[in-house]
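Fold and contact review
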Amino acid sequence: MSDEVDIGHKEPKAKSSKAFDLTKSILTVVLASIAAAWISHHYKVEEENAAVYAESRKAATNTYYDIIDTIGKRHYYALRAAVGFQWHDDEMVHWQQYENMRAYWNEHRYSILALTKRYFGAGTEQHFRDFIPKFDSVDDKLVAAKNAFRDKKPTPEDFSKAGGLLDYLYNLDNEIRNFSESLQEQLKHGQVDIYSPQPPLKKP
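Now for a description of the structure that goes with this document.

The next point concerns the pattern of salt bridges. Evaluated as defined, the whole model comprises eight salt bridges. Between Glu125 and Arg129 there is a salt bridge; the shortest N-O distance is 3.2 Å. Residue Glu125 and its partner Arg129 are located together in helix 3 (residues 122-150), separated by four residues, close to a single helical turn. In this structure Glu125 comes out as buried when scored by relative accessible area, which is 11%. The exposure class of Arg129 is partly exposed, given its relative accessible area of 34%. For Asp173, the salt bridge goes to Arg177, with nearest N and O atoms at 2.9 Å. You can see Asp173 and its partner Arg177 sitting in helix 4 (residues 165-188), four residues apart, about one turn around the helix. On the accessibility criterion, Asp173 (29% relative accessible area) is partly exposed. By relative accessible area, which is 40% here, Arg177 ends up partly exposed. Through salt bridges that share partners, Glu99, Arg102 and Asp139 make up one connected network.

Laid out in structure tokens, this is it:
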């Protein structure tokens with residue numbers, strides 16, 4: 001009996017093992033590349049979302065300042081005009097300042113309403129709208145006082161009496177302050193639409 005051992009049948013197994021190791025290495029590289037690409041894409045999306053969030057939050061904050069600045073100045077110059085007519089202090093100077101602010105209000109009212117609704121919602125927009133008839137009432141009284149002054153007639157009413165225009169404006173100041181604080185709370189708690197990936201509306 002021969003002592004030779006036939007080992008030829010082991011060669012296919014060695015080749016198969018090498019092929020498996022090569023395939024395993026290739027798959028490892030491919031999977032690593034896919035994972036790296038996914039991670040890169042994920043962080044890119046996160047960065048883009050963070051940029052959109054930051055820009056939208058900035059736009060919402062700027063809208064808040066526009067709202068309060070506009071409504072606050074409308075009130076401020078109305079009060080100055082009322083004081084001017086009541087105590088005969090540079091009546092037409094204060095009236096002209098009020099008139100200029102009223103024109104600005106009329107020019108920007110609809111764009112501010114649109115921005116208010118866009119970022120703070122329909123409820124806040126309606127709150128802003130509620131101020132319009134209140135300022136219209138103030139305007140009627142100031143126009144009457146201006147016409148009387150122009151015609152060299154007495155002021156139609158005493159603005160300083162209890163329940164008069166000055167009291168009305170002081171109460172309106174409190175309402176504006178409360179409105180401002182409610183907008184600040186919305187911003188503070190993220191209760192504004194700063195997540196939609198769309199550019200803020202622009203004033204005409």
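More follows now that the structure is in view.
Right, let's get into the packing of aromatic side chains. Counted under the stated rule, the structure contains eight aromatic pairs. Aromatic side chains Phe85 and Trp95 sit 6.4 Å apart centroid to centroid with 55 degrees between the ring planes, which places their arrangement in the tilted category. Placement of the pair is Phe85 in helix 1 (residues 11-87) and Trp95 in helix 2 (residues 91-120), with a sequence separation of ten residues. With relative accessibility at 1%, the residue Phe85 sits in the buried group. Trp95 gets classed as buried once you look at its relative accessible area, which sits at 5%. By way of ring pairs, the aromatic residues Phe85, Trp95, Tyr98 and Phe149 are connected into one cluster. Against the face of Tyr119 rests Arg118, its NZ or CZ located 4.3 Å from the ring centre.

Here we take up the side chain of Glu91. Following the sequence through the fold, Glu91 ends up in helix 2. For the buried residue Glu91, which engages in no salt bridge, the nearest side chain bearing the opposite charge is Lys152, 10 Å off. Those residues in contact with Glu91 that sit more than four places away from it in its chain are Gly84, Phe85 and Phe149.

About the thresholds
- Residues numbered from 1 in each chain as written.
- Predicted model: local features only at pLDDT ≥ 70, side-chain atom pairs only at ≥ 80, totals over all residues.
- Heavy atoms only, no water.
- Salt bridge = Lys/Arg side-chain N within 4 Å of Asp/Glu carboxyl O.
- Helix = DSSP H or I, 4+ residues; strand = E, 2+ residues; numbered from the N terminus.
- Buried < 20%, exposed > 50% of the residue type's maximum accessible area, 1.4 Å probe, protein only.
- Phe/Tyr/Trp six-rings, centres within 6.5 Å; stacked < 30°, edge-to-face > 60°.
- Lys NZ or Arg CZ within 6 Å of the ring centre and 35° of its normal.
- Lys, Arg positive; Asp, Glu negative; His and termini not counted.
- Contact = heavy atoms within 4.5 Å.

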